[in-house]
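Working through the structure, step by step
Listed below are the residues making up each chain.
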Amino acid sequence: MVALQQLLNMEDSGRVDKRVLSNGDIYIGDFKGVLPHGKGKYTWTDGTVYEGDWEEGKMTGKGHIVWSSGSKYEGEFSGGYLHGFGTFTGSDGSEYRGAWRMNIQHGLGRKQYSNSDIYEGSWKEGVHEGSGRYSWNSGNTYIGNWKGGKMCGRGVMKWVNGDLFDGFWLNGLRHGSGVYRYADGGFYFGTWSRGLKDGKGTFYPAGTKLPSLRRWSSSLGYDDSRRSSLSESSSLHSEQGGITNARPSFGHSFSEKISISSRLRNSGRISSRTNSLDENWSPSDSARELASREPSCALSRASNEGEGEVQDRSTVVYEREYMQGVLIKERIRNTESLRKSKQKNKFQMKEAKKKSCVNFFEGHQSYYLMLNLQLGIRYTVGKITPVPMREVRHSDFEDRARIRMYFPRKGSQFTPPHYSIDFYWKDYCPMVFRNLREMFKLDAAEYMMSICGDDGLRELSSPGKSGSIFYLSLDDRFVIKTLKKSELKFFLKMLPDYYRHVGKHENTLITKFFGVHRIKLRGGRKVRFVVMGNMFCTELRIHQRYDLKGSTQGRKTDKDKIRENTTLKDCDLKYDFHMDKMLRESLFKQLSEDCMFLQSQQIIDYSLLLGLHFRAPEQLKALLESTGAIANHESSTSGDGISSHGEPLIPPTGLLLVTHEPSSVNTAPGPHIRGNTLRAYSLGAKEVDLLLPGTGRLRVQLGVNMPAQASRKLVEEVDSMEVELFEVYDVVLYMGIIDILQEYNMRKKAEHACKSLKFDPLSISAVEPKLYADRFLKFLQRVFPEQP
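Not measured: the values here are computed from a predicted model.

Reading the values: rules and limits
Residues numbered from 1 in each chain as written. Predicted model: local features only at pLDDT ≥ 70, side-chain atom pairs only at ≥ 80, totals over all residues. Heavy atoms only, no water. Helix = DSSP H or I, 4+ residues; strand = E, 2+ residues; numbered from the N terminus. Buried < 20%, exposed > 50% of the residue type's maximum accessible area, 1.4 Å probe, protein only. Contact = heavy atoms within 4.5 Å. Areas by Shrake-Rupley, 256 points an atom, 1.4 Å probe, with all protein chains shown as cover. Salt bridge = Lys/Arg side-chain N within 4 Å of Asp/Glu carboxyl O. Core = buried A, V, L, I, M, F, W, Y, C linked by side-chain atoms within 4.5 Å. Pairing = 2+ DSSP bridges. pLDDT = per-residue confidence, 0-100. Phe/Tyr/Trp six-rings, centres within 6.5 Å; stacked < 30°, edge-to-face > 60°. Axes fitted to C-alpha atoms, helices over the stretch in contact; angles between N-to-C directions. 1 Å grid on protein atoms, 1.4 Å probe; cavity = no way out; pocket = protein on both sides within 12 Å on 5 of 7 lines; lining within 4 Å. Points joined across faces, edges and corners; volume = space filled by probe spheres on them. Parallel < 35°, antiparallel > 145°, perpendicular 65-115°, else oblique. Left-handed = near helix turned anticlockwise from the far one by under 90°. Polar contact = N/O pair within 3.5 Å; in protein donor to acceptor, adjacent residues only side chain to side chain. Nonpolar A, V, L, I, M, F, W, Y, C, P; charged D, E, K, R; others polar.

The next point concerns the overall build of the protein chain. Looking only at helices and strands, the protein chain features 13 helices and 39 strands. For the protein chain, buried positions account for 51% of its 788 residues. In the protein chain, 54% of the contacts between residues at least 6 apart in sequence involve partners at least 24 apart. Surface summary for the protein chain: the accessible area is close to 38,600 Å², and the carbon and sulfur share equals 49%.

Below, the discussion takes up the pattern of salt bridges. Per the counting criterion, the structure on display carries 20 salt bridges. With a shortest N-O distance of 2.9 Å, R97 and E95 are connected by a salt bridge. A salt bridge links D476 to R458; the nearest nitrogen and oxygen atoms lie 2.6 Å apart. With D476 in the loop between β26 (470-473) and β27 (478-483) and R458 in strand β25 (residues 457-460), this residue pair connects regions lying 18 residues apart in the sequence. Here D476 falls in the partly exposed class, since its relative accessible area comes to 28%. Judged by its relative accessible area of 31%, R458 is partly exposed. Each member of the salt-bridge network shares a partner with another, and the members are D547, R555 and D570.

This paragraph deals with the nonpolar core. Judged by nonpolar contacts, the single largest core of 120 residues is most densely connected at Y498, F577, L587, Y606, L733 and F784. In terms of residue count, helix α6 (residues 366-384) provides more of this core than any other element does, ten residues in total. If we skip the residues at most four places from it in the chain, Y606 touches L548, K549, C595, L598, I737, I738, D739, I740, Y772, A773 and F776. Of all hydrophobic cores here, the second largest spans 30 residues; its members include Y73, F77, Y96 and Y142.

All right, on to the pairing of strand β15 (residues 173-181) then. Two faces, one strand: in a regular strand the side chains alternate between the faces of the sheet. Strand direction decides the pairing type here: strand β14 (residues 164-170) and β15, joined by six bridges, are antiparallel. Within the sheet, the bridge partner assigned to L164 lies in β15 and is R181. Hairpin connection, β14 to β15: the antiparallel pair is bridged by two residues, and N171 has positive phi, about 55°. Two elements, β15 and strand β16 (residues 187-193), share six bridges in a ladder whose sense is antiparallel. Among the inter-strand pairings, G176 is bridged to a residue of β16, identified as W192. From the end of β15 to the start of β16, which pair antiparallel, there are five residues, and G185 there has a positive phi angle of about 105°.

Moving on, we get to the confidence of the model for the protein chain. Predicted confidence across the protein chain gives a mean pLDDT of 75, with 69% of residues reaching 70 or more. Confidence drops under a pLDDT of 50 for residues 220-313, and excluding neighbours within four residues, the segment shows 215 contacts in the predicted structure.

This next bit is on the packing of aromatic side chains. Each pair of aromatic rings is reported with the distance of its centres and the angle of its planes. Evaluation of the coordinates by the stated rule reveals 50 aromatic pairs. A centroid spacing of 5.4 Å and a plane angle of 80° characterise the contact between Y119 and W146, whose relative ring orientation is edge-to-face. Of this pair, Y119 sits in strand β10 (residues 118-124) while W146 sits in strand β12 (residues 141-147), and the two are 27 residues apart along the sequence. W146 carries the same exposure label as Y119, and that label is buried.

Attention now moves to the sheet that holds strand β28 (residues 513-521). Pairing is antiparallel in the open sheet, where seven strands are placed in the order β23-β24-β28-β29-β27-β26-β25. Strand pairing shows two members of the sheet lacking a second neighbour, β23 (402-407) and β25, which therefore form its edges. When the angles between neighbouring strand axes are averaged without regard to direction, this sheet yields 25°. Helix α8 (residues 444-452) contacts β25, β26, β27, β28 and β29 (526-533) of the sheet and is inclined by roughly 70° relative to β27. Docked against the sheet, helix α9 (residues 485-504) engages β23, β24 (423-428), β27, β28 and β29, running at close to 150° with respect to β28.

All right, on to empty space enclosed by the protein then. According to the stated counting rule, one finds four cavities of 30 Å³ or more in the structure shown. Lining the second largest cavity are T380, V381, I384, D427, P430, F433, R434, R437, F514, G515 and H517. Contributing elements (two or more residues each) for the lining of the second largest cavity: α6, α7 (430-439) and β28.

What follows deals with α7. Given 3.6 residues to a turn, an α-helix orients residues that are three or four positions apart in the same direction. Across the ten residues that make up α7, a large majority, nine, are buried. Backbone geometry just downstream of α7 places K441 in the positive-phi region, at approximately 60°.

A separate point is unusual backbone geometry. Look at M102: it is not a glycine, yet its phi comes out positive at around 50°. Considering the arrangement of structural elements, one finds M102 in the loop between β8 (95-101) and β9 (104-112). The residue D739 is not glycine, and still its phi comes out positive at about 55°. Looking at the element boundaries, D739 is found in the loop between β39 (721-738) and α12 (747-757). On the basis of relative accessibility, which here comes to 35%, the residue D739 falls in the partly exposed class.

Before going further, it helps to examine the environment of G675. Looking at the secondary structure, you find G675 in the loop between β34 (656-659) and β35 (679-680). G675 sits 170 residues away from H505 along the chain, and the two C-alpha atoms are 8.5 Å apart. Once residues within four sequence positions are removed from consideration, G675 is found in contact with E506, N507, R699 and Q701.

With that settled, the discussion passes to the packing of helix α10 (residues 581-600) against helix α13 (residues 769-783). Two elements in contact, α10 and α13, have axes separated by 9 Å at closest approach and are oriented at 165°. Considered as vectors, α10 and α13 are oriented roughly antiparallel to each other. In terms of crossing hand, the pair formed by α10 and α13 is right-handed. Residue-level inspection shows R584, F588, L591, S592, C595 and Q599 of α10 in contact with α13, the latter providing P769, K770, A773, F776, L777, L780 and Q781.

Here we come to the pairing of β27. Within β27, six of the six residues are buried, which leaves it mostly tucked inside the rest of the structure. Pairing of β26 with β27, which is carried by three bridges, proceeds in the antiparallel orientation. When the sheet's bridge partners are listed, F470 is paired in β27 with K481. Linking β26 to β27, which pair antiparallel, is a turn of four residues; within it D476 sits at a positive phi near 70°.

Take α8 next. Most of α8 sits out of view: seven of its nine residues are buried. Those residues of α8 that sit buried are A444, A445, Y447, M448, S450, I451 and C452. Of the residues that open α8, the one with a side-chain oxygen 3.0 Å from the backbone nitrogen of A445 is D443.

Here R555 is to be found in the loop between β30 (544-548) and β31 (567-568). Residue R555 is classed as buried on the basis of its relative accessible area of 8%.

Take the packing of α9 against α10 next. It is at 11 Å that the axes of α9 and α10 come closest, and there the two elements cross at 160°. The orientation of α9 with respect to α10, classified from their angle, is roughly antiparallel. Judged by the twist between their axes, the crossing of α9 over α10 is right-handed. Of the residues in α10, those in contact with M494, D497, Y498 and H501 of α9 are Q590, E593, D594 and F597. When the residues that make up the contact of α9 with α10 are grouped by side-chain class, the tally is three nonpolar, two polar and three charged.

Among the structural elements, T511 can be located in the loop between α9 and β28. When its relative accessible area of 4% is taken as the criterion, T511 is described as buried. When the C-alpha atoms of T511 and D739 are compared, they prove to be 8.3 Å apart, with 228 residues separating the residues in sequence. What T511 contacts, discounting residues up to four positions off in sequence, is Y498, M532, M535, I737 and I738. A polar atom in the side chain of T511 sits 2.7 Å from the backbone oxygen of I737.

Structure representation (structure tokens):
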């Protein structure tokens, strides 16, 4: 690049003109009238410099530009845009060489990212689309089709550990038919759905004689000459998990790409180009190299090598069937192996019996009940998920809207064999709950893997007096509770209105329901279940939890029974919670809407389940270590925020509200949340995130990650005088309305409710739905007082 002083000297000789614009920009070079035209250099006031060809005031031709950020581009321009072929080096160290269209990567190109990942292939509107190769810095490589910046269509992924998958992709996940080669030489031929094995397939252990790979190659898009059929014709979309692209991608025919590639090689317009960007290369060539050679030649070679080593296994083949990643059926072709497998299954059965120590209903083990539940949910969710999405109809709520199935232990035409006891299964309103799961943005595969995965469920002791059995998924996302027949009947009656309510109120605090089922054991015993979202499946530890009904009588926990995870009651709550004005308004607006709905359904006895995460853990040391209630602080100093005179000090700020940034927080819906990011008055009514120093950044939603200050009054005696002091903590709140299946419909039921709830000695009408709702809201308004 010619220095500015040199150009000034050239100006003196009369070959170059210099003009300083009114905004401070400087141009030195040729003119056509008053416009830059020909060769010239333009310097903006922010330090950006372009030197190259101009045409009537616009950068057109070849040139070089350096931005003030340190990024630079050398190549072709047109009409003031990066347009044609060129090399862009970002300030982060990334480099792209290839085709451009109006400032965006478009055409064939190669990009090396700042983390050393490399993509080489087709681009459209700034993202990968068409055929291309992506190499991760970890050593993993994908060669195949892309769409919208994501792996989509036919492709081959090879992992650094030696595993290889050759098949179809959707949203960056294996989706469709394919073959998976394991590093040890084993193969699985089958189908995948959203990254999970789904459907029937065949597994060949290492050393097993393989079937005709030509037939499999043909079914996956290869002809007899093993040429790849990789193309851009796929209409699939896909999502690549490890790549973050700034913009979306493009499309040309393959022949056009070859001509563009040839033009790039012969144009001579860019001084340095990678060897891969010439007429002798295309992404499909590399795909042929890896996808066509590896799955056939390499697979056959591995098979031949293994035959000599493992002769006794040469005929062992496993025919398997998966449902959303869960193995539900397996058959071994080899007779000897089948006999050994049966012995192994018997051993596993004994182990399962030994592992279960909790009896259920007349000697039946609850372990079997759990297995039955998993089998039933896996079957019905797998059956309803492929059904095209549609609006819920009135008939979807009726008695005929049920899925019924018999699950014999030996299996049947429709059900897999299992290790539990025979049972009958009923799934209520499957289309309704399928749509509810969609409304709650819950992926069917994630739902089944969480509840029906190999790790199973864990049983909880009932926190109430209902006698219900509770199961919790191992990832803590879902709670499964047994229902009484009357509760089930009432819930199904309420379901149409519940469906409309959660559809209308995106931020509802009422419990999420994902399914209602019934298991009938041989002998006639029936067990009914409801699957709900776990209110306390959070990223932060819940230090205290409360069940709040708005009553005082009988709402105190015996101190001797309090443990670390005990759910406390109304009279145990000593805190007031002070929240941002707009957060509080959003909370009570939704509480009012939810209470009106519950009142319309003649429902009583519901609660607000409240969880507290304290951001001053050192000051809560006594609370967390003791098995009782909050211990009284010692008057002597301990370095935990208490003065030598016993005066509690306000702890340092443990949380901070900041403007919401979707790219900085997890925006995936949780197991019990659905709705918008909340706005805070303190940040000018903007959407907010919660910043936790030393922990992370969380999205604030109704009932989730809500910040507050918890304060409680302490009365201490100083010089024979009582002094009121206040203890203040930063807390994060989690909350939701639970226990909504209690119905009020007659005076006898009201009398029973009055006794069981131990209300204050008021009239029986105190438990009528409207008065219950009013009392509930008034109590919560005292718990969350309005700021002056």
